[in-house]
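# Architecture at a glance
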2 protein chains.
Amino acid sequence: MALDVNVDNRDKYLSLVDNEHAANQLKMFPHVVNIFMAFLSYLVTLRVIPMLKDKFIKANLFGIDMSKTTSDKVPESLGVVSGFIFLVTMVLFIPVAFENSLLEKDAFPYDEYVKYILALLSICCMLLLGFADDVLDVPWRQKLLLPTIASLPLLMVYYVSFNTTSIIVPKPFREWLGVSLDIGIIYYVYMGMLAVFCTNAINILAGVNGLEAGQSVVIAISIAIFNLLELSGPLWKAHQFSLYFMWPYIGTSLALLKHNWYPASVFVGDTFCYFSGMTFAVVGILGRFSKTTLLFFIPQVFNFLYSFPQLMKLIPCPRHRLPKFNSRTDKMECSTTVFQYSELSVLGKIVISLFRVFRLIRWEEKNGVVVTNNFTLINLVLLYFGPMHEAKLSTVLLGIQFLCTLLAFVIRYPFASVFYDVYSVN
Amino acid sequence: MALDVNVDNRDKYLSLVDNEHAANQLKMFPHVVNIFMAFLSYLVTLRVIPMLKDKFIKANLFGIDMSKTTSDKVPESLGVVSGFIFLVTMVLFIPVAFENSLLEKDAFPYDEYVKYILALLSICCMLLLGFADDVLDVPWRQKLLLPTIASLPLLMVYYVSFNTTSIIVPKPFREWLGVSLDIGIIYYVYMGMLAVFCTNAINILAGVNGLEAGQSVVIAISIAIFNLLELSGPLWKAHQFSLYFMWPYIGTSLALLKHNWYPASVFVGDTFCYFSGMTFAVVGILGRFSKTTLLFFIPQVFNFLYSFPQLMKLIPCPRHRLPKFNSRTDKMECSTTVFQYSELSVLGKIVISLFRVFRLIRWEEKNGVVVTNNFTLINLVLLYFGPMHEAKLSTVLLGIQFLCTLLAFVIRYPFASVFYDVYSVN
């Protein structure tokens, strides 16, 4: 009898162990499937892009690579292909992501679910607008509007579903502002601006084979690593949500990068920059780690601030600011802008003096005529390291992006604790 | 004292009346805003289309109207514009549609909400694919795949959220099958097929100025009237959901129709047919009245069945089956196909004999060479009523669509009760 009870207990114990084991497996299962689907999406994108190249050229969607000796037509905006395969992958993943939840109907995570579909809607909207932009060639200033329109679903659904516009106040300011502060409508403006920033920041750090897709992949990997680190934390659900999106994004974009790497057989198009920026903005906002997301954009933020005087026409801006291709040496060189120093506004003079002090520009002056490099990160790299081959230039720039990710992690982990409690940073 | 109590009671009574009144107003309020926004979307679409015409022509998106004496470039696939404005309108309407629900957080109608965002996602996917098709010119057979891909979100989310695949069995079969029957995966196949059918059915009843947009508007109005009739029934929520989509759809499509009506200054493109078909399929499926939706497609179903022998090459099919424009009379005439009777397969001979018996074709034979009209509803109308002006032809076809809607209501209301109990028809 005593033996029987023991056996019973052992069975119970084993079944408990089994259950616990099963629960762990269930938790891992979607991630395994997700990574497997990401790998499949990589293979599909790799195969489909070459099949569609001719169709794109026939549809007038092509460009001439200005940094090559040949003038072949290179199909443009293939980002719509990788973006669409990403979208289909994410749709097919829905039953896996939410299957477990079916078992306990009452505890169905509607919040998560709405977020997921909403993210897909925003990304799909941005893909549509990006592709329309590539086809119809929207003027520069109207381009800024497009991400704002595409982020409307995000703002509307956020308003109805969540509408938590409180932020955690950094420690030094808590004496005046309290621990958390409801910033109301400013939060919505911030969300809209984040989408506009992320999309355009990638778009203006561009023009070298493999750079747009490359930097996006580095950012995506950075976000994925951050999510993995936080997966054991209390906000693991939000990070799991983000991870689900990152692997397939990395898969499809890597395939695109392979075709876009030097010598590029396809261009990614504005479509890709919009689509990528929107994906990062959406996971950052819905995962509540938008500040950390921005940390992975350090090179883009620098490039934007550095470009700002030229974009605002404080310093004359030529039609193209891409580095110059020297066909004799097969290397890329700094491109320059030429202007009369006396024609600059006071603000322009101040800005350019600051840039000179911090050695951010090359400066040649003769009889009041000034020659400087164009203010882009790409030109700055060429300025410091000298002319180099396009593939090497792209590699160096991606190296910088990678180093900035390391810097971002240093800022995020050791430094952030000065301003925030652990786990309240987002 | 007694007086005081009376006053108190009267106040209470008044406040009760007020509350009831307020509740009624709240119910009406979203519909009023919806119709107002639909009207605005009409005005915006009307204004925006002419502004974008040149951009479309410049992007190589144009066609030559074969039924005109001039050979001006007519911008093509403007349906992407009306579709996108529809999408933005529906997004902006989210806070209105779900505002009330914010008050009672526990009773938030997540099912409705997921349906709404999901519908937008499916429609957005279809717009993107449709536009890509117009730009890249996908081959005919691959076109059939596109709506299937765009309906993936619908199938996936339906699986996770609802997964009710039971249908009500018609009365005569209940003895064998019971009152309701779970048809499982067949239900998903049905949903996918419905999307494919609705999109392509509109696409093949086309080729006359104003016909694609016109028939879609008639179908949308039919659905809206049906929804209004059912709004007082027990399934009012589903019909309210559908109505929310129909008014803005009618608004934007009417504006497109105005530009597409004879003489067309824009063409709607495959984009529009896909987008429209998907919108009807989505409200039909999510509103659970897909059978009734199909009833509004009687002319399309007839046209499809009538075209089938030519589409399947049982009867030789020329590249274009559009009616012929006679520039001398300024009228449209039946277009014809010529073939050797002896070259037809047995099946072809049977089909053509049936069509002759039912007087569905004109038949001219000389020495074994046969001349018949092409098998489209448009040619059939020209066969019966004689050559007519393009605008009149379009009007007659829309008139037929309207008469078929009346027929649909006769089938839906008096006849359906033979097969189903009241209110169980969907």
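Quick note: structure is the one above.
These remarks concern the structure in this document. As the structure is a prediction and not an experimental result, all values here were calculated from the model.

### Structural notes on the overall build of chain A
- Helices and strands together make up the secondary structure of chain A, namely 17 helices and nine strands.
- Each of the three principal axes of chain A carries a C-alpha extent, and together these read 105 × 60 × 40 Å.
- Looking at chain A residue by residue over its 426 residues, the buried ones come to 54%.
- With the model as given, the accessible surface of chain A reaches about 19,700 Å², and the carbon-plus-sulfur share is 65%.

### Comments concerning the packing of aromatic side chains
- The final tally for this structure, using the stated rule, is 63 aromatic pairs over all chains.
- For the ring pair A:Phe280 and A:Phe297, a centre distance of 6.1 Å and an interplane angle of 75 degrees mean the geometry is edge-to-face. Placement of the pair is A:Phe280 in helix H12 (residues 269-286) and A:Phe297 in the loop between helix H13 (290-295) and helix H14 (298-311), with a sequence separation of 17 residues. Judged on exposure class, the residue A:Phe280 and its partner A:Phe297 are both buried.
- Measuring from ring centre to ring centre gives 6.2 Å for B:Tyr187 and B:Tyr190, while their planes differ by 55 degrees; the resulting arrangement is tilted. Taken as a pair, B:Tyr187 and B:Tyr190 lie in helix H9 (residues 185-204) at a separation of three residues, close to a single helical turn.

### Quick look at the interface of chain B and chain A
- Taken together, the contact between chain B and chain A spans 45 residues of the former and 45 residues of the latter.
- Both faces considered, chain B and chain A share a buried interface measuring about 4,100 Å² in area, 81% of it formed by carbon and sulfur atoms.
- Between the two partners, chain B and chain A, sit two residue pairs in polar contact (both at pLDDT 80 or more).
- Of all the elements in the fold, those that place two or more residues in the side of chain B that touches chain A are helix H1 (2-58), helix H2 (79-92), helix H3 (94-103), helix H4 (110-136) and helix H7 (152-162) of chain B.
- Broken down by element, the residue count for the side of chain B that touches chain A peaks at 17 residues, all from H4(B).
- Here the side of chain B that touches chain A is built from residues that sort into 38 nonpolar, two polar and five charged.

### Brief notes about the pattern of salt bridges
- What the rule picks out here adds up to nine salt bridges over all chains.
- Residues B:Lys68 and B:Asp65 are paired through a salt bridge, measuring 2.9 Å at the closest nitrogen-oxygen approach. One exposure class covers both B:Lys68 and B:Asp65, and it is buried.
- Counted as one network, the salt bridges with shared partners bring together A:Asp65, A:Lys68 and A:Glu390.

### Some points on unusual backbone geometry
- Cis geometry is found at the peptide bond from A:Tyr262 to A:Pro263, where omega equals -15 degrees.
- As for its placement among the helices and strands, A:Pro263 is situated in the loop between helix H11 (236-260) and H12.
- At B:Arg288, a residue that is not glycine, the phi angle is positive and equals roughly 60 degrees.
- As for its position among the elements, B:Arg288 is in the loop between helix H12 (269-286) and helix H13 (290-295).
- Classification of B:Arg288 by relative accessible area gives partly exposed; the value is 28%.
- With a phi close to 60 degrees, B:Asp330 is a non-glycine residue in the positive phi region.
- Inspection of the secondary structure puts B:Asp330 in the loop between strand S5 (324-326) and strand S6 (331-333).

### Observations concerning the relation of the copies chain B and chain A
- Aligned on chain A, chain B shows an RMSD of 0.0 Å; the corresponding rotation is 180 degrees and the shift along the axis is 0.0 Å. Classification of the inter-copy transformation places it as that of a two-fold axis.

### A few points about H11(A)
- Over its 25 residues, H11(A) extends 34 Å from the first C-alpha to the last, a length consistent with the 36 Å expected when each residue adds 1.5 Å.
- Most of H11(A) sits out of view: 20 of its 25 residues are buried.

### Brief notes about the nonpolar core
- Of all hydrophobic cores here, the largest spans 188 residues; its most connected members are A:Tyr113, A:Tyr116, A:Phe245, B:Tyr113, B:Tyr116 and B:Phe245.
- When sequence neighbours within four positions are dropped, the list of residues in contact with A:Tyr113 reads A:Ile94, A:Phe98, A:Phe108, B:Val114, B:Val157, B:Val160 and B:Ser161.

### Points about the environment of A:Phe275
All names here are of chain A.
- With respect to the helices, strands and loops of the structure, Phe275 is situated in helix H12.
- For the pair Phe275 and Val189, spaced 86 residues apart in the sequence, the C-alpha separation amounts to 20 Å.
- Excluding residues within four positions of it along the chain, Phe275 makes contact with Ser82, Gly83, Phe86, Ile123, Met126, Leu127 and Tyr249.

### What to know about the sheet that holds strand S7 (residues 336-340) of chain B
All names here are of chain B.
- One open sheet accounts for three strands, arranged S7-S9-S8; its pairing is antiparallel. This sheet does not close on itself; its edge strands, each paired only once, are S7 and strand S8 (363-366). Each strand axis lies, on average, 20 degrees off the axis of its neighbour in the sheet, ignoring direction.
- Here S7 pairs with strand S9 (residues 369-373) via five bridges, running antiparallel. Of the residues in S9, the one forming a bridge with Gln340 is Val369.

Criteria and cut-off values
- Residues numbered from 1 in each chain as written.
- Chains lettered and ligands numbered in written order.
- Predicted model: local features only at pLDDT ≥ 70, side-chain atom pairs only at ≥ 80, totals over all residues.
- Heavy atoms only, no water.
- Helix = DSSP H or I, 4+ residues; strand = E, 2+ residues; numbered from the N terminus.
- Buried < 20%, exposed > 50% of the residue type's maximum accessible area, 1.4 Å probe, protein only.
- Areas by Shrake-Rupley, 256 points an atom, 1.4 Å probe, with all protein chains shown as cover.
- Phe/Tyr/Trp six-rings, centres within 6.5 Å; stacked < 30°, edge-to-face > 60°.
- Contact = heavy atoms within 4.5 Å.
- Buried area = accessible area lost by both parts, 1.4 Å probe.
- Polar contact = N/O pair within 3.5 Å; in protein donor to acceptor, adjacent residues only side chain to side chain.
- Nonpolar A, V, L, I, M, F, W, Y, C, P; charged D, E, K, R; others polar.
- Salt bridge = Lys/Arg side-chain N within 4 Å of Asp/Glu carboxyl O.
- Least-squares fit on C-alpha atoms with pLDDT ≥ 70 in both.
- Expected span 1.5 Å × (residues − 1).
- Core = buried A, V, L, I, M, F, W, Y, C linked by side-chain atoms within 4.5 Å.
- Pairing = 2+ DSSP bridges.
- Axes fitted to C-alpha atoms, helices over the stretch in contact; angles between N-to-C directions.

Distances and angles like these do not, on their own, reveal function.
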